[in-house]
Amino acid sequence: MLWDDIARRAFGLGGGGATMDEMTAELRGAKPGRPKIGLALGGGAARGWAHIGVIEVLTEAGYGPDVIAGTSIGAVVGGCFCAGKLPQLAEFATTLTKRRVVGLMDFHIGGAGLIAGGRLKRLLERDLAGTRIEDLPHRFVAIATELGTGHEIWLTRGPVVEALRASYALPGVFDPVKLGGRWLMDGALVNPVPVTAARAMGADVVICVNLNSDLAGRGTTIQSHPADPDPEILPEIDVRPTSRWRGRITGAARRMRGMVGRQAQDRPGLAGVMVDAFNITQDRISRSRLAGDPPDVMIGPKLGRIGLFDFHRAEDIVELGRQAARRSLDDIAAMVASSSVGVD
């Protein structure tokens, strides 16, 4: 329909012609004089609440995104924004408590992950049920990874809720999601900060939000380290659930929560090992991909003191996102000015 309308206007059909600048801008999905802005929202679990603050500041400053590519929590926030549900998501996030976060985790045995994800799915469906990606007012893509092949999957059509679930399906934590004949899991395995996707979707200026940019001291090389074991003999892992879980878990969920509970003598627990290993991998991949295809502007919230599971700290995290976006406004303004279309 877009092409038909442009053709009619170009040849004076259907009333009135159009200038070449106007048609060029329309083809690119932007208004004359304003480049098409793409926002690449990276993964990072609870740190992803910072995306809310970033989008709020960019929108208020007149740099609201035309294209959003999101990975994991970035897909959740980006999808909600495109559907016009960002205020609802922000309200939900800021009302989370530790107890409520635990209540959203439907642990189970027999699946491919510790958490079935049914409760989170129902939560998303409350505001996004029936919404399809192709019907959104902004271009949106959620990044996922195919189990087995490792293919990077760009989810550009279909139900928004299912796309979000696939994009945040952290391996070993959430069950993978089967869509279109493919088993899909967290997109951060292959593209943690999807600058390439935002650019490919037609953005003239790509702004990325890297949630791991403030994690100083990670990923260095220790060139000489002894292989001698520590003199202390570590005790057996204590898999009993801690007191905070008692009274709230039963049956299979009790045994599963015990497996991921606190470990003796500060020895890492199952959940901690899985998530930290994933975070290290994500950080390394982010560095490599951003070096190969850098964004025009990178926003890096100062999230070094925020844990991956600090979902209950949404107010602080959103504010850190706002602060980071404000610091980047001058750079964004300069890039938008130099990339403007439809201006002599």
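Keep in mind that what you see is a predicted model, and the values were worked out from it rather than measured.

1. Brief notes about the overall build of the chain
Check the secondary structure of the chain and you find twelve helices and ten strands. Counting over 344 residues, the chain shows a buried share of 46%. Sequence-distant contacts in the chain: of pairs separated by 6 or more residues, those separated by 24 or more amount to 75%. Within the structure as shown, the chain displays about 17400 Å² of accessible surface, and the carbon and sulfur contribution to it stands at 53%.

2. Let's talk about the confidence of the model for the chain
Looking at the chain as a whole, its pLDDT mean stands at 82, while 77% of the residues score no less than 70. Counted against residues more than four places away or in other chains, residues 1–30, with its pLDDT under 50, gives 28 contacts. Counted against residues more than four places away or in other chains, residues 245–264, with its pLDDT under 50, gives 36 contacts.

3. Overview of unusual backbone geometry
In the Ramachandran plot, Ala45 falls in the positive-phi region, its phi being about 55° despite a non-glycine side chain. Residue placement: Ala45 occurs in the loop between strand E1 (37–41) and helix H3 (50–60). Classification of Ala45 by relative accessible area gives partly exposed; the value is 26%. For Ser72, which is not a glycine, the phi torsion comes out positive at approximately 60°. By the element assignment, Ser72 lies in the loop between strand E2 (67–71) and helix H4 (73–82).

4. A short note on the nonpolar core
Judged by nonpolar contacts, the single largest core of 75 residues is most densely connected at Trp49, Phe140 and Ile207. It is helix H12 (residues 314–338) that provides the largest number of residues to this core, a total of eight residues. Those residues in contact with Ile207, other than ones at most four positions away along the chain, are Ile37, Gly38, Leu39, Ala40, Leu58, Val297, Ile299 and Ile332. With 14 residues, the next largest nonpolar core counts Val141, Val193, Val206 and Leu290 among its residues.

5. Considerations on the layout of surface pockets
If you add up the space inside the second largest pocket, you get close to 210 Å³. Those elements that provide at least two residues to the lining of the second largest pocket are strand E5 (152–155) and helix H8 (160–167). Top contributing element to the lining of the second largest pocket by residue count: E5, with three residues.

6. Observations concerning the packing of H3 against H12
A pair of packed helices is captured by two measures, namely the crossing angle of their axes and the spacing between those axes. Viewed as axis vectors pointing N to C, H3 and H12 meet at an angle of 40°, and their least axial separation amounts to 7 Å. Judged on the interaxial angle alone, H12 and H3 are oblique. Regarding H3 and H12, the two cross each other, and that crossing is right-handed. On H12, the residues touching Ala50, Ile52, Gly53, Val54, Glu56, Val57 and Leu58 of H3 are Ile317, Val318, Gly321, Arg322, Ala325, Arg326, Leu329 and Ile332. Its residues assigned to classes, the contact of H3 with H12 comprises ten nonpolar, two polar and three charged.

7. Notes on H3
Burial analysis of H3 places eight of its eleven residues in the buried class, which makes it a mostly covered element. Looking only at H3, the buried set comprises Ala50, His51, Ile52, Gly53, Val54, Ile55, Val57 and Leu58. As for H3, its buried residues are in contact with E1, H4, helix H5 (86–94), strand E9 (205–209), strand E10 (297–299) and H12.

8. Considerations on the packing of aromatic side chains
What the rule picks out here adds up to two aromatic pairs. Taking the centre distance of 6.1 Å and the plane angle of 75° together, the rings of Trp49 and Phe311 count as edge-to-face. Separated by 262 residues along the polypeptide, Trp49 in the loop between E1 and H3 and Phe311 in the loop between E10 and H12 bring together distant segments of the chain. Judged by relative accessible area, which is 4%, Trp49 ranks as buried. Residue classification places Phe311 among the buried positions, given a relative accessible area of 18%. Residues Tyr168 and Phe174 carry aromatic rings whose centres are separated by 5.4 Å and whose planes lie at 65° to one another, so their mutual orientation is edge-to-face.

9. Re the pattern of salt bridges
Per the stated rule, a full pass over the model turns up 14 salt bridges. A salt bridge links Glu56 to Arg322; the shortest N-O distance between them is 2.9 Å. Of the two residues, Glu56 is situated in helix H3 and Arg322 in helix H12; the sequence distance between them amounts to 266 residues. Across the salt bridge formed by Arg322 and Glu319, the nearest N and O atoms sit 3.0 Å from each other. Note that Arg322 and Glu319 are positioned in helix H12 at a spacing of three residues, about one turn of the helix. Relative accessible area serves as the criterion here: at 29%, Glu319 is assigned to the partly exposed category. What you see here is one network of salt bridges that share partners, running through Glu56, Glu319, Arg322 and Arg326.

Definitions and cut-offs
As a convention, each chain's residues are numbered from 1 in the sequence order in which they are written. The model is predicted, so local features are restricted to residues of pLDDT at least 70 and side-chain atom pairs to those at 80 or more, both for listing and for counting; the totals for chains, interfaces and linings are taken over all residues. Heavy atoms from the whole structure form the basis of all side-chain values; hydrogens and water molecules are not counted. Counting from the N terminus, the helices are DSSP H or I runs at least four residues long and the strands are E runs at least two residues long. When a residue's accessible area, from a 1.4 Å probe over protein chains only, is under 20% of the maximum for its type it is buried; when over 50% it is exposed; and in between it is partly exposed. Pairs of residues are marked as contacts when any of their non-hydrogen atoms sit within 4.5 Å. To measure how exposed things are, a 1.4 Å probe is used in the Shrake-Rupley method; for residues, cover is taken only from the protein chains shown. The pLDDT value expresses, per residue, how confident the predictor is, ranging between 0 and 100. Only buried residues count toward a nonpolar core, which is a set of Ala, Val, Leu, Ile, Met, Phe, Trp, Tyr and Cys residues joined through side-chain atoms within 4.5 Å. Cavities and pockets are defined on a 1 Å grid built over the protein atoms alone: a cavity is a set of grid points where a 1.4 Å probe fits but cannot escape, while a pocket is an open set with protein on both sides within 12 Å along at least five of seven lines, and lining residues are those with an atom within 4 Å of any such point. Grid points are joined across faces, edges and corners, and a volume is the space filled by probe spheres set on the points. To get an axis, a line is fitted to the C-alpha atoms, and for a helix only the part in contact is used. The angle between two axes follows their N-to-C directions and goes from 0 to 180 degrees. Small angles under 35 degrees read as roughly parallel and large ones over 145 as roughly antiparallel, with 65 to 115 read as roughly perpendicular and the rest as oblique. Two helices that cross are described as forming a left-handed crossing if the nearer one is turned anticlockwise from the farther one by less than a right angle, and a right-handed crossing if clockwise. By the convention adopted, Pro, Cys, Tyr, Trp, Phe, Met, Ile, Leu, Val and Ala count as nonpolar, Lys, Arg, Asp and Glu as charged, and the other residues, Gly among them, as polar. Pairs were defined over the aromatic rings of Phe, Tyr and Trp, the Trp ring being its six-membered one, requiring ring centres within 6.5 Å. Orientation was assigned from the angle between planes: stacked under 30 degrees, edge-to-face over 60, tilted for the rest. A pairing counts as a salt bridge when a side-chain nitrogen of Lys or Arg comes within 4 Å of a carboxyl oxygen of Asp or Glu.

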